[in-house]
Structures are given as structure tokens and as C-alpha cells.
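# Structural features, examined
Take a look at the letters that make up each chain.
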Amino acid sequence: MFEFIRKTLLAGIGAAVVTKEKVESLTKKWVDDGKISREEAEKLSNELVESGQKQWDDLQSKISETIRKGLEGLNLVTRTDLEALSRQMEEIEKRLAALDGKDISARPEHP
């Protein structure tokens, strides 16, 4: 019975994340009903939680990668790019001001 339950749950877990509390609650009920032993319940709980965590981590990684690729395809300027351009602009303005003999310290800062 234990092997059947274990295989069924592991096969059916899919991308769903099963919380440790839900797994423990379910296995406790099976122990109380006499369907599995406490040792089997603990083993099953650990397997399901580990499997769910691995699938959750894989899903998060795939989502992050998909978003990153999508944003790259849009050719959007990143915050890092914008900050680098802002620093370059400030340096150019300082050099121009030095060449013109102007003081640009009163100029408003870039956001």
C-alpha cells in the first residue's frame, strides 16, 4: 500500500508545490487510519517535500530565464546602462565647463 501511495503522489505532484505542513497532515491521517506506518509516513513526507522544493526551484529558474530572454529581446535599457550613461554625461559636462570656464555646480542633478 505504501509503495502505491508513494508512487502515485510522486507521479502526480507535477509542478505543484506541496507544503511540508500539508504533507505532514496528510501522512498523519494515513498513519491514524492505519494505511501506513510512522516510518513510512516520515519517509514519504521527506520525499514529497524534497521533490516539491526541487520542482519549485526549477520552476523559478525557468521563469527567471524566460523573463530575462524576453527583456533582452525588447532591447530595453537597463538601470546599470542608464547610470553609466549618466556618469559619462556628467563627466563630459564637467570637461566642457572647464573648457568654457563655466561653473556647472549649480546645475540640477540627474535622477
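Residues numbered from 1 in each chain as written. Predicted model: local features only at pLDDT ≥ 70, side-chain atom pairs only at ≥ 80, totals over all residues. Heavy atoms only, no water.

### As for the overall build of the chain
Within the chain one finds 4 helices and 0 strands. Ordered by position from N to C terminus, the α and β elements of the chain give α-α-α-α. When contacts within the chain are restricted to residue pairs at least 6 apart in sequence, long-range pairs at least 24 apart make up 57% of them. A total of about 9,000 Å² of accessible surface is found on the chain, and carbon and sulfur atoms cover 57% of it. (Helix = DSSP H or I, 4+ residues; strand = E, 2+ residues; numbered from the N terminus. Contact = heavy atoms within 4.5 Å. Areas by Shrake-Rupley, 256 points an atom, 1.4 Å probe, with all protein chains shown as cover.)

### Brief notes about the side chain of Thr27
Relative to the helices and strands, Thr27 is located in helix α2 (residues 20-32). Thr27 sits in the buried class, given a relative accessible area of 4%. A polar contact of 3.2 Å, which involves the side chain of Thr27, links it to the backbone oxygen of Glu24. Aside from chain neighbours lying at most four places away, what touches Thr27 is Ile36, Ala41, Leu44 and Ser45. (Buried < 20%, exposed > 50% of the residue type's maximum accessible area, 1.4 Å probe, protein only. Polar contact = N/O pair within 3.5 Å; in protein donor to acceptor, adjacent residues only side chain to side chain.)

### Some thoughts on helix α3 (residues 38-74)
Given a rise of 1.5 Å per residue, 37 residues ought to cover 54 Å, and the 54 Å separating the end C-alpha atoms of α3 matches this to within 8%. Regarding α3, the residues found buried are Ala41, Leu44, Ser45, Leu48, Ser51 and Gly52. Just downstream of α3 lies Asn75, where phi reads positive at about 55°. (Expected span 1.5 Å × (residues − 1).)

### Here's the deal with helix α4 (residues 79-100)
Owing to its 3.6 residues per turn, the α-helix aligns residues three or four sequence positions apart on the same side. For α4, built from 22 residues, the straight-helix expectation of 32 Å at 1.5 Å per residue is met to within 8% by its first-to-last C-alpha distance of 31 Å. Within two residues after α4, Gly101 carries a phi angle of roughly 75°, on the positive side.

### Details of the confidence of the model for the chain
For the chain, the average pLDDT comes to 79, and 75% of its residues sit at 70 or higher. The lowest-confidence element of the chain is helix α1 (residues 2-12), averaging 61 in pLDDT; the highest-confidence one is α4, averaging 94. (pLDDT = per-residue confidence, 0-100.)

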